[in-house]
Amino acid sequence: QLGLAQVLQILRLKAHRKTFVAAFSLSTMGHNVASFFAGCACNSRVKPSQPEVLRSSAKQSPRSAPVLQDGLVPGPIDAQEDEADRELNLQAVVKDSESCEVVDGALPRECAGALSSSAASSTELVSAGSSATPCFAGRWLVQRTEGDFDTFLSDMGQSWLRRMAARALNYGLGRVKVGCEQISHHEFKFEKILTDPLACESHIHVRVGEVVLHFKDDIGELTATSRWESDEVLRFDATADATSLPLTLLMYLTSEGEFVEEMISGRGTSVKYIFASQN
């Protein structure tokens, strides 16, 4: 007769044997199933014809696949191929242009055709920054004024006391300054020191024709829109916030290179600040 401990040991051995047999059976069955489906997949492939093989090999790039660097995933191979093709085309255009000779003041027809596409983008940039565009960039100081400032200020609803104060300050002569950062033909950043010595500087970020402007000038807070009146004149159509009176502001350069701010009241009174460059 077997003791209780021996009986338990035999039962454990039998249980381990059954587990091993079951695991081995499942592993073998899984391998057979995987082999079966792999064989089906191989047999189901259609062998491409010879022309298709040639076309497929022609599409393959001789360059190697991209390599991961510093944990960054490179862009698609197709995009890299396109970029390389563009570089090769550009090199070809440059090579062709170097071999072109001007005959009677003109390029040969084949050379002109090769260069036309590469010059298109440059032509667009030149058109966007036309030579007629005025350059307001720099720092400017009022050197003289023109017009009847007292009547203009009266048209704009300014009190007698404020008009007398403006006259005492000589309407900002030698004090009013304008700084301009010209970002493009349609974008400017202006800063202006006003006639009133107690007033803060006025800052205006102009994107011509795109945004409504809110800024401070010597006649108070203004709301305005902007547009090019011509290739050389930047126009602001404004309204005084306190009085709702209309005002037109023009900016342009004189033939002598002076910067001009011309203000026209709703009644047609025109005054001018004429600035000299401080650059």
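Colleague: Even after reading the chapter, I still don't get the overall build of the protein, so can you show me in this structure?
Modeller: Scanning the protein from terminus to terminus reveals six helices and 10 strands. Evaluated residue by residue, the protein yields a buried proportion of 26% over its 279 residues. Nonlocal contacts in the protein, meaning residues at least 24 apart in sequence, comprise 41% of its contacts between residues at least 6 apart. Surface exposure of the protein reaches about 19,100 Å², of which carbon and sulfur atoms provide 57%.

Colleague: Quick question: what am I supposed to make of the pattern of salt bridges here?
Modeller: Between side chains of opposite charge, a pair can form when the charged atoms approach closely. In the structure shown here, the tally under the stated rule is 12 salt bridges. Here Arg139 makes a salt bridge to Glu191, at a shortest N to O gap of 2.9 Å. Separated by 52 residues along the polypeptide, Arg139 in strand 1 (residues 138-147) and Glu191 in strand 3 (residues 187-193) bring together distant segments of the chain. A salt bridge links Asp150 to Arg167; the nearest nitrogen and oxygen atoms lie 3.7 Å apart. Of this pair, Asp150 sits in helix 5 (residues 149-155) while Arg167 is found in helix 6 (residues 160-168), placing the two residues 17 residues apart along the sequence. Residue Arg167 is classed as partly exposed on the basis of its relative accessible area of 44%. Through salt bridges with shared partners, one network takes in Arg227, Glu229, Arg235 and Asp237.

Colleague: Please clarify how the sheet that holds strand 9 (residues 259-265) should be interpreted in this entry.
Modeller: Paired through their backbone hydrogen bonds, the strands of a sheet run either parallel or antiparallel. Here we have 10 strands laid out as an open sheet, ordered 4-3-2-1-10-9-8-7-6-5, and antiparallel in their pairing. At either margin of the open sheet sits one strand with a lone partner, and together these are strand 4 (202-207) and strand 5 (213-217). Shown here is a sheet whose adjacent strand axes are inclined to one another by a mean of 30 degrees, direction ignored. Across seven bridges, the pairing between strand 1 and strand 10 (residues 270-277) is antiparallel.

Colleague: I would appreciate a short explanation of the pairing of strand 1 in the present structure.
Modeller: It is a general feature of regular strands that their side chains alternate between the two faces of the sheet. For strand 1 and strand 2 (residues 177-184), the ladder comprises four bridges, and the chain directions are antiparallel. Residue Arg139 lies in a different strand from strand 2, and its bridge partner there is Gly179.

Colleague: Explain the nonpolar core here, please?
Modeller: Proteins that are soluble and globular tend to have nonpolar side chains buried together. Phe136, Phe188 and Phe190 are the most contacted members of the largest nonpolar core, which has 35 residues in total. Looking at this core, the element that brings in the most residues is strand 7 (residues 234-240), giving four residues. By size, the runner-up hydrophobic cluster in this structure holds five residues, among which are Val233, Leu250, Tyr252 and Ile274.

Colleague: Sorry, what's going on with the packing of aromatic side chains here?
Modeller: Any aromatic ring pair is given by two values, namely how distant the centres are and how the planes are angled relative to each other. Within the structure shown, the criterion is met by nine aromatic pairs. Plain terms: the ring middles of Phe136 and Phe188 are 5.7 Å apart, the flat faces sit at 35 degrees to each other, and that makes the pair tilted. A residue pair is termed long-range when its members are at least 10 positions apart, and Phe136 in the loop between helix 4 (109-128) and strand 1 and Phe188 in strand 3 qualify at 52 residues. The buried category is assigned to Phe188, whose relative accessible area is 0%. Judged by centre distance (6.2 Å) and plane angle (55 degrees), the rings of Tyr273 and Phe275 are tilted.

Colleague: Just to check I follow, could you spell out the state of the cysteines for this structure?
Modeller: Covalent bonding between the sulfur atoms of two cysteines is what defines a disulfide. This model, assessed by the stated rule, comprises zero disulfides. Cys180 carries a free sulfur, and the closest cysteine sulfur to it, the one in Cys135, is 7.6 Å from it.

Colleague: When you look at the confidence of the model for the protein in this model, what are you seeing that I'm missing?
Modeller: Close inspection of predicted coordinates is inappropriate in any region flagged by low pLDDT. Mean pLDDT for the protein: 73, with 53% of residues reaching 70 or above. Long-range and interchain partners of residues 92-131, a stretch whose pLDDT sits below 50, account for 14 contacts in this model, where long-range means more than four residues apart.

Colleague: Can you walk me through the environment of Glu221 in this structure?
Modeller: Residue position: Glu221 is located in strand 6 (residues 220-228). Through-space distance from the C-alpha of Glu221 to that of Asp241 is 5.7 Å; in sequence the pair is 20 residues apart. The residues touching Glu221, leaving out its near neighbours within four places in the chain, are Phe215, Lys216, Thr239, Ala240 and Asp241.

Colleague: Help me understand the pairing of strand 7, please; the structure alone is not making it clear to me.
Modeller: Burial of strand 7 is extensive: five of the seven residues sit out of reach of the surface. Bridge count between strand 6 and strand 7: seven bridges; the pairing is antiparallel. Its bridge partner being in strand 7, Leu222 is matched across the sheet by Ala240. Counted along the chain from strand 6 to the antiparallel partner strand 7, the turn is five residues long. Count of turn residues in the strand 7/strand 8 (residues 246-253) antiparallel hairpin: five residues, of which Ser244 carries a positive phi of about 60 degrees.

Rules behind the numbers
- Residues numbered from 1 in each chain as written.
- Predicted model: local features only at pLDDT ≥ 70, side-chain atom pairs only at ≥ 80, totals over all residues.
- Heavy atoms only, no water.
- Helix = DSSP H or I, 4+ residues; strand = E, 2+ residues; numbered from the N terminus.
- Buried < 20%, exposed > 50% of the residue type's maximum accessible area, 1.4 Å probe, protein only.
- Contact = heavy atoms within 4.5 Å.
- Areas by Shrake-Rupley, 256 points an atom, 1.4 Å probe, with all protein chains shown as cover.
- Salt bridge = Lys/Arg side-chain N within 4 Å of Asp/Glu carboxyl O.
- Pairing = 2+ DSSP bridges.
- Axes fitted to C-alpha atoms, helices over the stretch in contact; angles between N-to-C directions.
- Core = buried A, V, L, I, M, F, W, Y, C linked by side-chain atoms within 4.5 Å.
- Phe/Tyr/Trp six-rings, centres within 6.5 Å; stacked < 30°, edge-to-face > 60°.
- Disulfide = S-S within 2.5 Å.
- pLDDT = per-residue confidence, 0-100.

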